[in-house]
Amino acid sequence: MPISTTQIQAIASREGWRMLHCRRGDNYFDVIEFWVENQLLIELLPPELVDRYLAFMSPESLVAAAQAAAQQPTAA
């Protein structure tokens, strides 16, 4: 059963657990970090975040991201 970011936040607030809306990579996609009992991390992907995640995880997008990363200069 899908659950929204708002519902996840309500659960986190009720339980006193940490919850963060996080952007992964170079603006690739977002996830919700939900810390069960503030110790166990679960990354959640509510429906409003799914499309962008799936678009990034396509084989073509992953290849493009890897090629772009390979073009980046390395730190000295």
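Residues numbered from 1 in each chain as written. Predicted model: local features only at pLDDT ≥ 70, side-chain atom pairs only at ≥ 80, totals over all residues. Heavy atoms only, no water.

Draft legend 1. Looking closely at the sheet that holds strand S1 (residues 19-24). Strands sit in the order S1-S2-S3 across an open sheet of three strands; the sheet is antiparallel. Edge positions in the sheet fall to S1 and strand S3 (40-44), since each of these pairs with one other strand and no more. Averaged over all pairs of adjacent strands, the angle between their axes in this sheet comes to 30°, without regard to strand direction. Relative to S3, strand S2 (residues 29-36) runs antiparallel, the two sharing five bridges. Paired with Phe34 across the two strands is Ile42, which belongs to S3. Along the sheet, helix H1 (residues 5-15) contacts S1, S2 and S3; its crossing angle with S2, the most-contacted strand, is approximately 20°. Of the strands in this sheet, S1 and S2 are in contact with helix H2 (residues 47-56), which crosses S2 at around 115°. (Pairing = 2+ DSSP bridges. Helix = DSSP H or I, 4+ residues; strand = E, 2+ residues; numbered from the N terminus. Axes fitted to C-alpha atoms, helices over the stretch in contact; angles between N-to-C directions. Contact = heavy atoms within 4.5 Å.)

Draft legend 2. Looking closely at the nonpolar core. Ile8, Ala12, Met19, Ile32, Phe34 and Leu49 form the largest nonpolar core, which has six residues in total. Put simply, the parts of the chain that give this core at least two residues each are H1 and S2. The contact partners of Ile8, leaving out residues within four places of it in the chain, are Ile3, Met19, Ile32, Phe34, Leu44 and Pro46. (Core = buried A, V, L, I, M, F, W, Y, C linked by side-chain atoms within 4.5 Å. Buried < 20%, exposed > 50% of the residue type's maximum accessible area, 1.4 Å probe, protein only.)

Draft legend 3. The arrangement of the pairing of S2 in detail. A large share of S2 lies buried, amounting to six of its eight residues. Relative to S2, S1 runs antiparallel, the two being bridged by six bridges. Paired with Met19 across the bridge in S2 is Phe34. Here S1 folds back onto S2, and the loop between the two strands holds four residues, one of which, Gly25, carries a positive phi near 65°.

That is the geometry; function is a separate question.
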